[in-house]
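Coordinate inspection notes
Here is how the chains run, residue by residue.
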Amino acid sequence: MGESGKYLLTLLRGALRATAAGAGTAYLMTRNDTFTLDTNASLLFTDGDTVDKSALTCQITAISFGKDIADTLTVVTTLPETDGDTLHLTEGVYYTTYTVKTPLGRTIKRIQTITVLPANDVEAGGESLG
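Residues numbered from 1 in each chain as written. Predicted model: local features only at pLDDT ≥ 70, side-chain atom pairs only at ≥ 80, totals over all residues. Heavy atoms only, no water.

Things to note about the overall build of the protein
Condition: Runs of E in the DSSP output that reach at least two residues are strands. Runs of H or I that reach at least four are helices, and both are numbered from the N terminus. Burial classes: relative accessible area under 20% of the type maximum marks a residue as buried, over 50% as exposed, and values in between as partly exposed (1.4 Å probe, protein chains only). In what follows, a contact means two residues having at least one pair of non-hydrogen atoms within 4.5 Å.
When its secondary structure is counted, the protein shows 2 helices and 9 strands. In the protein, the order of α-helices and β-strands from amino to carboxyl end is α-β-β-β-β-β-β-β-β-β-α. Buried positions account for 22% of the 130 residues belonging to the protein. Within the protein, counting contacts between residues at least 6 apart in sequence, those at least 24 apart form 60% of the total.

Focus on the sheet that holds strand β2 (residues 42-46)
Rule in force here: Strand pairing is assigned whenever DSSP detects at least two bridges linking the two strands. Angles here are taken between N-to-C directions and fall from 0 to 180 degrees, while the axes themselves are lines fitted to C-alpha atoms, restricted in helices to the stretch in contact.
As summarised here, the arrangement of the 4 strands in space is β2-β9-β8-β6, forming an open sheet in which the pairing is mixed. On the outer flanks of this sheet lie β2 and β6 (74-77), each paired with one strand and no other. Looking at each pair of strands side by side, their axes are set apart by 20° on average, direction ignored. Pairing geometry for β6 and strand β8 (residues 92-101), over 4 bridges, is antiparallel. Looking at the pairing, V76 lines up with T97 of β8.

A word on the nonpolar core
Applicable threshold: Side-chain atoms within 4.5 Å are what join buried Ala, Val, Leu, Ile, Met, Phe, Trp, Tyr and Cys residues into a set we call a nonpolar core.
Counting 10 residues, the largest nonpolar core consists of L43, F45, V51, L56, L79, L87, L89, Y94, I114 and V116. Listed by contribution, the elements that provide at least two residues to this core are β2 and β9 (107-117). Beyond its immediate chain neighbours, meaning those up to four positions away, L79 contacts L56, L87, L89, Y94, T96 and I114.

Side note on unusual backbone geometry
Negative phi characterises most residues that are not glycine, and trans characterises most peptide bonds. Although it is not a glycine, F65 adopts a positive phi angle of roughly 55°. With respect to the helices, strands and loops of the structure, F65 is situated in the loop between β4 (59-64) and β5 (67-68).

Considering the environment of R110
The test is simple: Under this definition, polar contacts are N or O atom pairs within 3.5 Å; protein pairs additionally need one hydrogen-donor-capable and one acceptor-capable atom, and for neighbouring residues in sequence, both atoms have to be side-chain atoms.
Inspection of the secondary structure puts R110 in strand β9. Separated by 74 residues in the primary sequence, R110 and T36 place their C-alpha atoms 7.8 Å from one another. In contact with R110, other than residues within four places in its own chain, are F35, L37, T96, T97 and Y98. A distance of 3.1 Å separates the side chain of R110 from the backbone oxygen of F35, its partner in a polar contact.

Overview of the pairing of β9
Of the strand pairs in this sheet, β2 and β9 are connected by 5 bridges, and their pairing is parallel. Residue T46 lies in a different strand from β9, and its bridge partner there is L117. Pairing of β8 with β9 involves 10 bridges; the strand directions are antiparallel. What sits directly across from G92, in β9, is V116. What sits between the antiparallel neighbours β8 and β9 is a turn of 5 residues, in which G105 has the positive phi angle 90°.

Considering the side chain of T99
Positionally, T99 belongs in strand β8. Leaving out residues up to four positions away in the same chain, T99 has contacts with F35, T72, L73, T74, T107, I108 and K109.

Comments concerning the side chain of T102
Here T102 shows up in the loop between β8 and β9. In this structure T102 comes out as buried when scored by relative accessible area, which is 11%. Excluding its chain neighbours within four sequence positions, the residues that come into contact with T102 are S64, I69 and I108.

What follows is the structure in structure tokens.
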């Protein structure tokens, strides 16, 4: 093997070691990363229910690279707009999407489904689904 071949082999070995070290470091730095919502992923209500908005809010835990990133949280919901603190729910399926951005620019989402059943479906079944 010529000089250039030995040089290339040495370069490749160094690159493999750096890649392995980088992967190990990335694992150690991100092993405790989490994005959780302190609520049910699905909520069930009946048409005509009145719900306080605060009952639909939840605690967020968002950790990336060991840092709290909850301040990057954005919340988008398909629930009907209301002026006050009370929602008057009507039949349908609604979604609330919670999104955070990591320091590396990655976007992570958690989606909560809110189902509002027709009042007569729940009454006819004789049991509470919520």
